[in-house]
Amino acid sequence: MTAAKTHRPADEIGRTEAGPRPLPELGSQKAAAELSTVDTTLPNGLRVIAVRRATVPMVELRLRVPFADPAGSSVGSQHAAVAEILANTVLTGTEKRSRVQIDTELALVGGELDAMVDPERLSFTGNALASGLGTVLEVLADVLTGASYPVEELEREGARLVERITIARSQPSVIAREALQKVLYGDHPYAKEMPEADEVAAVTRDAVVALHHKALLPRGSVIVVVGDVEPADAVAQIGDALGAWQGDGEAVQLPPLPEVSGGDLVLVHRAGAVQSQIRLAAQAIPRTDERYPALQLANLVYGGFFSSRLVENIREDKGYTYSARSHPEFTVHGATLLIDADTASDVTAAALLETRYELARLGLVPPSESEVDTARSYAVGTLLTSTSSQGGLASFLVNLVALGLGLDWLVAHPQRLAAVTPEQVAAAALEFFAPGNFTGVLVGDAETLKPKLAALGGVSFQ
């Protein structure tokens with residue numbers, strides 16, 4: 001006797017005899033349009049954006065400080081190492097509070113505060129009960145104006161960071177990312193997302209303190225608060241707490257990135273690897289460009305979500321990879337299109353061939369109206385979902401502000417997506433997804449990969 005089915009597989013859930021199940025209709029974007037907000041600049045130059053979203057009695061805080069090297073830098077500078085140590089120790093004590101006191105005060109209002117750094121910015125992320133916003137701001141102000149960087153904390157966090165860097169640099173994805181950034185940007189400081197372990201070990205307390213005073217500045221920075229607070233009241237609290245944060249000059253932005261030009265992929269040898277990392281990149285356009293909505297939909301059709309052409313081809317049909325995607329990456333000065341796929345070594349060349357084929361096909365066989373509509377529904381749905389929470393909205397908004405945009409862009413974007421025609425998507429596909437626009441890297445065992453890649457072409461061997 002055959003056992004009865006206890007579940008339906010994914011292909012049965014997602015399809016009917018007539019074809020794929022249609023996506024459910026999206027609701028209108030009412031929440032973002034009804035948000036009350038205040039956008040102002042304090043006398044010290046800090047831009048403040050406060051948004052009321054009273055879904056839960058909480059508040060989310062995001063502080064973004066442009067954090068390029070004030071002295072100018074390149075890949076070979078110590079700035080990245082000093083900045084990493086600063087981000088890891090800025091919350092470990094002040095002249096008024098120990099690390100334990102900071103953690104205790106935040107915990108008493110259901111809050112937390114974290115710091116992280118990348119080549120573009122130093123970011124503080126915090127949250128608390130709405131009634132505890134004042135406490136979080138007091139702690140943040142104390143950290144910004146009086147971080148003491150205890151020597152024992154610097155030594156402890158420095159050792160941990162060295163260990164994390166050593167582990168990270170053994171990971172194929174990190175190797176691929178660093179190789180790609182070097183190919184794209186050369187000696188530009190943006191290419192150095194992670195310092196060397198020996199650079200971290202050489203960082204002194206004096207260097208960290210000096211960077212804090214030179215680079216952690218209010219003018220040019222922005223703080224976003226989203227939650228169950230009246231925007232005017234939140235701005236007043238921020239002004240009272242952070243008004244004493246002063247500094248000479250303005251927080252330093254990174255210099256513009258060089259444009260990405262198409263060319264051969266670079267094969268990076270990883271001896272004995274049984275898997276390869278394919279990383280492609282091309283120049284794109286920022287969200288401020290009127291062509292961006294069409295490009296966004298073209299990217300989704302190509303490889304931006306699970307039902308995309310690239311995923312259907314090299315994952316679902318041919319089984320070359322479990323993970324393949326394309327996505328835009330934004331910086332203050334521009335944007336790039338990235339394509340990522342991890343494959344077994346013996347099918348790396350075949351996967352690269354199909355990836356290039358789908359790039360060409362996107363321009364030569366334009367997305368159908370049905371493909372565009374599906375991508376549009378996904379784009380609007382993910383936008384609404386990602387900004388439906390207080391934390392999601394705060395993070396999205398602080399990133400928009402860095403690009404010269406704001407809440408009005410977020411509110412209007414679903415309408416821009418709705419207005420995009422299949423013809424505009426086809427034009428974007430032809431312009432931005434031509435295979436010749438792309439360059440990149442392949443990470444894998446060169447002895448295994450080279451014969452097939454040499455026959456395929458478009459790959460250089462170092």
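Note that the structure is a prediction, hence the values are computed from the model and not measured.

Here we look at the packing of helix α11 (residues 292-304) against helix α14 (residues 369-386)
At a minimum axis distance of 9 Å, the contact between α11 and α14 shows a crossing angle of 100°. Taken together, α11 and α14 sit at an angle that is classed as roughly perpendicular. On α14, the residues touching Gln296, Leu297, Leu300, Val301 and Gly304 of α11 are Glu371, Val372, Ala375, Arg376, Tyr378 and Ala379. Residue composition of the contact of α11 with α14, grouped by class: seven nonpolar, two polar and two charged.

Some details on the pattern of salt bridges
Under the counting rule described, the total for this entry stands at 27 salt bridges. With a shortest N-O distance of 3.0 Å, Arg279 and Asp342 are connected by a salt bridge. Here Asp342 lies in strand β12 (residues 334-344) and Arg279 lies in strand β10 (residues 275-283), a separation of 63 residues in the sequence. Residue Arg279 is classed as buried on the basis of its relative accessible area of 10%. Within the structure, one salt-bridge network assembled from shared partners comprises Arg99, Glu153, Arg156, Glu157 and Arg160.

Overview of the UniProt feature "domain: Peptidase M16 C-terminal" (unreviewed entry) in the protein chain
The residues that UniProt annotates with the feature "domain: Peptidase M16 C-terminal" (unreviewed entry) are residues 203-377. The span residues 203-377 shows a helical share of 41% and a strand share of 23%, and its end C-alpha atoms are spaced 49 Å apart.

Observations concerning the packing of aromatic side chains
Going through the model one piece at a time under the given rule, you end up with four aromatic pairs. Ring geometry for Tyr185 and Tyr190: centres 5.6 Å apart, planes at 80°, overall edge-to-face. Neither Tyr185 nor Tyr190 differs from the other in exposure class; each is buried. For the ring pair Tyr292 and Phe330, a centre distance of 5.8 Å and an interplane angle of 70° mean the geometry is edge-to-face.

Concerning the domain arrangement of the protein chain
When its domains are assigned, the protein chain resolves into domain 1 (37-243) and domain 2 (265-460). The C-alpha-based centres of domain 1 and domain 2 are spaced at 30 Å. On the domain 2 side, the residues contacting the 31 residues of domain 1 number 29 residues. Summing both partners gives a buried area of about 2400 Å² for domain 1 against domain 2, and 68% of it is carried by carbon and sulfur. When the buried surface of domain 1 facing domain 2 is broken down by residue, Arg53, Arg62 and Leu180 rank first, second and third, together holding 21% of it. At the boundary of domain 1 with domain 2, the tally comes to one salt bridge. For Glu329, the salt bridge identified is with Arg177, shortest N-O distance 3.2 Å. Joining domain 1 to domain 2, the criterion identifies nine residue pairs in polar contact (both at pLDDT 80 or more). Those elements that place two or more of their residues in the side of domain 1 that touches domain 2 are β4 (47-52), β5 (58-66), α7 (172-185) and β8 (222-227). It is α7 that contributes the most residues to the side of domain 1 that touches domain 2, ten residues altogether.

Here's the deal with the sheet that holds strand β3 (residues 36-41)
Read from one edge of the open sheet, six strands run β3-β4-β8-β5-β7-β6, paired in mixed fashion. On the outer flanks of this sheet lie β3 and β6 (112-117), each paired with one strand and no other. Averaged over neighbouring strand pairs, the angle between their axes works out to 10° when direction is ignored. One ladder, built from six bridges, connects β3 with β4; its direction is antiparallel. Bridge assignment links Thr40 to a residue of β4, and that residue is Val48. Across the sheet, helix α3 (residues 79-89) is in contact with β6 and β7 (121-129); its angle to β6 comes to roughly 175°.

Observations concerning the environment of Arg62
Considering the arrangement of structural elements, one finds Arg62 in strand β5. Linking Arg62 and Val225, residues 163 residues apart in sequence, is a C-alpha distance of 6.5 Å. Beyond its immediate sequence surroundings of up to four residues, Arg62 is in contact with Phe124, Thr125, Gly126, Val222, Ile223, Val224, Gly391, Ala394, Ser395 and Val398.

A look at unusual backbone geometry
Positioned with a positive phi, Tyr149 is a non-glycine residue whose angle comes to about 50°. Looking at the element boundaries, Tyr149 is found in the loop between α5 (133-146) and α6 (151-168). On the accessibility criterion, Tyr149 (1% relative accessible area) is buried.

Things to note about the nonpolar core
Counting 66 residues, the largest nonpolar core has Val224, Leu280, Leu297, Leu352, Phe433, Leu442 and Leu453 as its most contacted members. Of all the elements, α11 adds the most residues to this core, at eight residues. The two domains that each donate at least three residues to this core are domain 1 (37-243) and domain 2 (265-460). Discounting residues that sit within four places of it in the chain, Phe433 has contacts with Leu295, Ala298, Asn299, Tyr302, Leu337, Leu359, Ala360, Leu362, Ala428 and Phe438. Listed in part, the 57 residues of the second largest apolar core include Leu86, Val90, Tyr149 and Ala251.

Cut-offs and rules
Residues numbered from 1 in each chain as written. Predicted model: local features only at pLDDT ≥ 70, side-chain atom pairs only at ≥ 80, totals over all residues. Heavy atoms only, no water. Axes fitted to C-alpha atoms, helices over the stretch in contact; angles between N-to-C directions. Helix = DSSP H or I, 4+ residues; strand = E, 2+ residues; numbered from the N terminus. Parallel < 35°, antiparallel > 145°, perpendicular 65-115°, else oblique. Contact = heavy atoms within 4.5 Å. Nonpolar A, V, L, I, M, F, W, Y, C, P; charged D, E, K, R; others polar. Salt bridge = Lys/Arg side-chain N within 4 Å of Asp/Glu carboxyl O. Buried < 20%, exposed > 50% of the residue type's maximum accessible area, 1.4 Å probe, protein only. UniProt positions renumbered as here; feature names shortened; annotations may be inferred. Phe/Tyr/Trp six-rings, centres within 6.5 Å; stacked < 30°, edge-to-face > 60°. Domains from an automatic or database assignment. Buried area = accessible area lost by both parts, 1.4 Å probe. Polar contact = N/O pair within 3.5 Å; in protein donor to acceptor, adjacent residues only side chain to side chain. Pairing = 2+ DSSP bridges. Core = buried A, V, L, I, M, F, W, Y, C linked by side-chain atoms within 4.5 Å.

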